[in-house]
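Observations on the model geometry
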Amino acid sequence: MVDSFLERWPADVSLLFYPEGFAPDVASPRFETARFPEWLARFRERNAAAPAANGMRNNTAYNFRFDAIRFAFKTAAVIESFHRCRADWLVWCDADIFFHSDVSHEFLGSLVHPETEIAWLERKALYPECGIYFVRVGSPKCRQIMDQWRGLLETDEIFRLAEWHDSFVFEHVVRKSGAIITSLSGDAENTS
């Protein structure tokens, strides 16, 4: 992911990377590693011993939809990146993405509308695919979304939701906010 990003994205776009348990060996002025915030550590400490918070349903079967601990890492990285971002847009990309073609500012701009606050891969019958999405940094609604999302973990209110993984919880706070959403899915919205 990192190599393809550095090769394919515009030279004035940098990558903030949150490694989990390793130190990436990347020498580029466009690449920076970041540390997870203390509020994530507190959430993990409070809930690490609870099998349900780790995706174990009825203490017997793992279900990713309830692995709040695992997906809290991504949540924390998104929220902290949003607050650090000085660009107009935060573009979240999961680490399993490979950029096979050049990405230009023009292409990125063509994916959103002037009023867009969130752009994601919409799935009409399921929560959005959140392997890549856009968040407008200057939007007050987006700031509210990030603060509410963090609050769900800081207060353990996440455990009152129907599912606890990042895509479900992110969609929950986005829809609740009334933010203007653009789908990046095209005709694939009706597929899973």
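First, a word on scope: everything that follows refers to the structure included in this document. Keep in mind it's a predicted model, so treat the numbers as computed, not measured.

Time to look at the packing of helix α3 (residues 68-84) against helix α5 (residues 140-154). The description of two packed helices rests on the angle between their axes and on the distance between the axes. Remark: α3 packs on α5, axes separated minimally by 10 Å, with the N-to-C direction vectors making an angle of 145°. As for the relative orientation of α3 and α5, their crossing is left-handed in sense. Facing α3, whose interface residues are A72, T75, V78, I79, E80, F82 and H83, α5 presents C142, R143, M146, D147, W149, R150 and L153.

Okay, the sheet that holds strand β8 (residues 181-183) next. Strand order in the open sheet made by the 4 strands is β5-β7-β6-β8, with mixed pairing throughout. Each end of this open sheet is capped by a strand with a single partner; those strands are β5 (89-93) and β8. Strand after strand, the sheet turns through a mean of 20° between neighbouring axes, direction not considered. Relative to strand β7 (residues 129-136), β5 is paired through 5 bridges, and the arrangement is antiparallel. Directly across from L90, in β7, lies its bridge partner V135. Contacts from α5 reach β6 (118-121) and β7 within the one sheet, and its direction differs from that of β7 by about 130°.

Our next topic: the pattern of salt bridges. Scanning the model with the defined rule gives 13 salt bridges in all. The shortest N-O distance in the salt bridge between R8 and E7 comes to 3.8 Å. Here D94 ties to K74 by a salt bridge, and the two come within 3.0 Å at their closest N and O atoms. With a gap of 20 residues between them, D94 in the loop between β5 and α4 (105-110) and K74 in helix α3 connect regions that are remote in the sequence. A relative accessible area of 18% places D94 in the buried class. The exposure class assigned to K74 is buried, which follows from its relative accessible area of 14%. Each of E7, R8 and D102 takes part in one network of salt bridges that share partners.

Calculation rules
Residues numbered from 1 in each chain as written. Predicted model: local features only at pLDDT ≥ 70, side-chain atom pairs only at ≥ 80, totals over all residues. Heavy atoms only, no water. Axes fitted to C-alpha atoms, helices over the stretch in contact; angles between N-to-C directions. Helix = DSSP H or I, 4+ residues; strand = E, 2+ residues; numbered from the N terminus. Left-handed = near helix turned anticlockwise from the far one by under 90°. Contact = heavy atoms within 4.5 Å. Pairing = 2+ DSSP bridges. Salt bridge = Lys/Arg side-chain N within 4 Å of Asp/Glu carboxyl O. Buried < 20%, exposed > 50% of the residue type's maximum accessible area, 1.4 Å probe, protein only.

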